[in-house]
Amino acid sequence: MFGTKPSKLPQEIAFLLVPNFSMIAFTSAIEPLRLANRASGKELYRWRLFSPDSKPVRASNGIELTPEGGIDQVLGYQTVILCSGIDGHLYEDKNVFAALRRADRQGADIGALCTGAHILARANMLNGYRCTIHWENLASFSENFPEIEATSELFEVDRNRFTCSGGTAALDMMLNMISQQHGHELAASVSEQFIHERIRDRHDHQRMALTARLGVRHPKLIQVIQLMEQNLEEPLSRQELAEAAGLSSRQMERLFAKYLHRSPARYYVELRLNRARLLLLQTNMSVIDIALACGFVSASHFSKCYRDFFGKTPRRERAGPNAVIEEEPERRSAAGRA
C-alpha cells in the first residue's frame, strides 16, 4: 500500500510522463524526495523518468524532459506515478494501458497526478477504487465514469492506488508519504525547506475559499453564492436564494451590485455557463444533456446564452478554434435573461 514503510532502501519510484504533463505537479512530487534524502543524510528515495515511447516529453509549459526509457521499463518498480496535465481526458495509448495493468499485476502501487486519474480510469484501473482529480475536471470525470467514486479531496490513497488533484497538492501527498514512512520530524523538516507553512492532509480543500477567490467577505453574499454553486443543475429561484440567506430579494440584488457589479441572475448564469464549457471540452455529452445538466431548459436557449457570453456557440466551442463548420444564424440573447 502506498505510504507503508518500504522493505528496502532506497525506495525506487518510476515517473511516467505523458505529453502536456503538469510541470508543477511533477516537480512538487519529486522535490520532496530529493530534500528527504538531503535532510536525512541517506538515500531514502531514488527515481527515474520514463515516457510511453522513450522519446523526450514536452510539458504543458513547453519545457521538454528526456526520459531514461520507455513504458516497458517501468515493470519491476514498486511505485509507478503517472504524470498528466492538459488534455489528459483525451489521452489514449493501449500500450501504456497494458503496461500499467502488468505493473499492477506484479504488485506495484500505481498513482496519478493531476488529470492522470482520467488515464487510469480509461485503463480500467480505478474500478472499485476511490480517487480524486483536479477540481476543474471533477464534473467531467464523474460524467465519463459514473461508476467510479471520485472525490474533491486534495489527494486520495486507496490501498495500492493513489491519486492527487494536481498542482502543489502533489507536495502534500508526498510529504504525507514521507511522514508515514520515515516520521513526521523528517516530513516537517522538508516542508520547512520549501517554506510550506503546514503539511495539508487529504481533507483540505482544493479550491481557495470563496472569500479569497472573490475578494469579498460579506457572509450573506458568500452564503448565496455557495447555494448557487451547489445547485447548478436545478437552479434555485431568486426568492429561494434570498430566503435561505435571510435576505429580501431587494437586499440580495443590492449586495451583488455593490460587490460583484452584476445581478444575482447574471452571476448564476455565468456559473452555469462556465460549468457547461468544462463539460463541452472534457466529455462527449450531447449539447442537450449539457444544457440540462447546467440548468437550461432547452438546447436552443443554452446555445444563445453561451454565444452571448463566450462569443461562440457550444458547437463551435467543441469543434475547436481551427474547425470550419456551418452554423445556422442565431439572434443574440442576453445571458442574464436565463
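Residues numbered from 1 in each chain as written. Predicted model: local features only at pLDDT ≥ 70, side-chain atom pairs only at ≥ 80, totals over all residues. Heavy atoms only, no water.

Draft legend 1. Quick peek at the overall build of the protein. A tally of regular secondary structure across the protein gives 14 helices and ten strands. Overall, the C-alpha framework of the protein stretches about 65 × 45 × 35 Å when taken along its three principal axes. Across the 338 residues of the protein, 49% fall into the buried class. Summarising the internal contacts of the protein: among those between residues at least 6 apart in sequence, 64% fall at separations of at least 24. As displayed, the protein has an accessible area near 16,800 Å², and 47% of this comes from carbon and sulfur atoms. Averaging the coordinates of the 42 positive side-chain charges in the protein and doing the same for the 39 negative ones gives two points 4 Å apart. (Helix = DSSP H or I, 4+ residues; strand = E, 2+ residues; numbered from the N terminus. Buried < 20%, exposed > 50% of the residue type's maximum accessible area, 1.4 Å probe, protein only. Contact = heavy atoms within 4.5 Å. Areas by Shrake-Rupley, 256 points an atom, 1.4 Å probe, with all protein chains shown as cover. Lys, Arg positive; Asp, Glu negative; His and termini not counted. Charge placed at Lys NZ, Arg CZ, Asp CG, Glu CD.)

Draft legend 2. Highlighting the nonpolar core. By size, the foremost hydrophobic cluster in this structure holds 37 residues, and its most contacted members are Phe15, Phe21, Phe26 and Leu113. Elements with a minimum of two residues in this core: β1 (11-17), α1 (23-40), β2 (45-50), β5 (79-83), β10 (161-164), α5 (169-182) and α6 (184-193). Once residues within four sequence positions are removed from consideration, leucine 113 is found in contact with Ala25, Phe26, Ala29, Ile81, Leu82, Cys83, Ser84, Cys164, Ala170 and Met173. By size, the runner-up hydrophobic cluster in this structure holds 32 residues, among which are Leu16, Leu82, Leu100 and Phe145. (Core = buried A, V, L, I, M, F, W, Y, C linked by side-chain atoms within 4.5 Å.)

Draft legend 3. The arrangement of the pairing of β1 in detail. In terms of burial, β1 is a largely internal element, six of the seven residues being buried. With six bridges joining them, β1 and β2 adopt parallel strand pairing. Directly across from glutamine 11, in β2, lies its bridge partner tyrosine 45. With respect to chirality, the unit in which β1 leads through α1 into the neighbouring parallel β2 is right-handed. Relative to β5, β1 runs parallel, the two being bridged by five bridges. (Pairing = 2+ DSSP bridges. Right-handed = clockwise from strand over helix to strand, strands pointing away.)

Draft legend 4. Region of interest: the packing of aromatic side chains. Throughout the structure, instances matching the rule amount to ten aromatic pairs. With centroids separated by 3.8 Å and ring planes inclined at 15°, the aromatic side chains of phenylalanine 2 and phenylalanine 162 adopt a geometry described as stacked. Linking phenylalanine 2 in the segment before β1 with phenylalanine 162 in strand β10, this pair joins segments that are 160 residues apart in sequence. Both residues of the pair, phenylalanine 2 and phenylalanine 162, belong to the buried class. A ring pair is formed by tyrosine 306 and phenylalanine 310, whose centres lie 4.5 Å apart and whose planes are at 45°; its orientation type is tilted. Pair noted here: tyrosine 306 and phenylalanine 310 are both in helix α13 (residues 299-310), with a separation of four residues, about one helical turn. Given a relative accessible area of 0%, tyrosine 306 falls into the buried group. Members of the aromatic cluster, each reached through a chain of ring pairs, are Phe296, Phe302, Tyr306, Phe309 and Phe310. If you follow arginine 159 out to its NZ or CZ, it ends over the ring of tyrosine 129, 4.3 Å from the centre. (Phe/Tyr/Trp six-rings, centres within 6.5 Å; stacked < 30°, edge-to-face > 60°. Lys NZ or Arg CZ within 6 Å of the ring centre and 35° of its normal.)

Draft legend 5. Structural detail: the pattern of salt bridges. Under the counting rule described, the total for this entry stands at 21 salt bridges. We note a salt bridge from glutamate 92 to arginine 122, for which the minimum N-O separation is 3.8 Å. Of this pair, glutamate 92 sits in the loop between β5 and α2 (94-105) while arginine 122 is found in helix α3 (residues 116-122), placing the two residues 30 residues apart along the sequence. Residue glutamate 253 pairs with arginine 238 through a salt bridge whose shortest N-O separation is 3.1 Å. (Salt bridge = Lys/Arg side-chain N within 4 Å of Asp/Glu carboxyl O.)

Draft legend 6. Region of the structure containing helix α4 (residues 135-144). Among the residues of α4, those classed as buried are Asn137, Leu138, Ser140 and Phe141. Where α4 is buried, its residues contact α3, β7 (130-132), β8 (149-151) and α11 (264-282).

Draft legend 7. Representation of the packing of α11 against α13 within the structure. Put simply, α11 and α13 touch, their axes get as near as 10 Å, and they point 95° apart. On the basis of their axis angle, the class for α11 and α13 is roughly perpendicular. Between α11 and α13, the contacting residues are Arg266, Glu270, Leu273, Asn274, Ala276, Arg277 and Leu280 on the first element and Phe302, Cys305, Tyr306, Asp308, Phe309 and Phe310 on the second. (Axes fitted to C-alpha atoms, helices over the stretch in contact; angles between N-to-C directions. Parallel < 35°, antiparallel > 145°, perpendicular 65-115°, else oblique.)

Draft legend 8. Summary view of the environment of glutamate 240. Mapped onto the elements of the fold, glutamate 240 is located in helix α9 (residues 238-244). Taking the C-alpha atoms as reference points, glutamate 240 and valine 224, separated by 16 residues in sequence, lie 9.7 Å from one another.

Draft legend 9. A negative patch on the surface, seen in detail. On the surface, a cluster of negative charge is made up of Glu143, Glu233, Glu234 and Asp289. Within the secondary structure, glutamate 233 sits in the loop between α8 (219-230) and α9. (Patch = residues over 30% accessible without salt bridge, like charges linked within 9 Å, V, L, I, M, F, W, Y side chains within 5 Å.)

Draft legend 10. Region of the structure containing the sheet that holds β10. Strand order in the open sheet formed by six strands is β2-β1-β5-β6-β10-β9, with mixed pairing between adjacent strands. Of all strands in the sheet, those with a lone pairing partner are β2 and β9 (155-158), marking the two edges. For this sheet, the mean angle separating the axes of adjacent strands, direction not counted, is 15°. Contacting β1, β2, β5 and β6 (109-113), α1 crosses the sheet at an angle of about 150° to β2.

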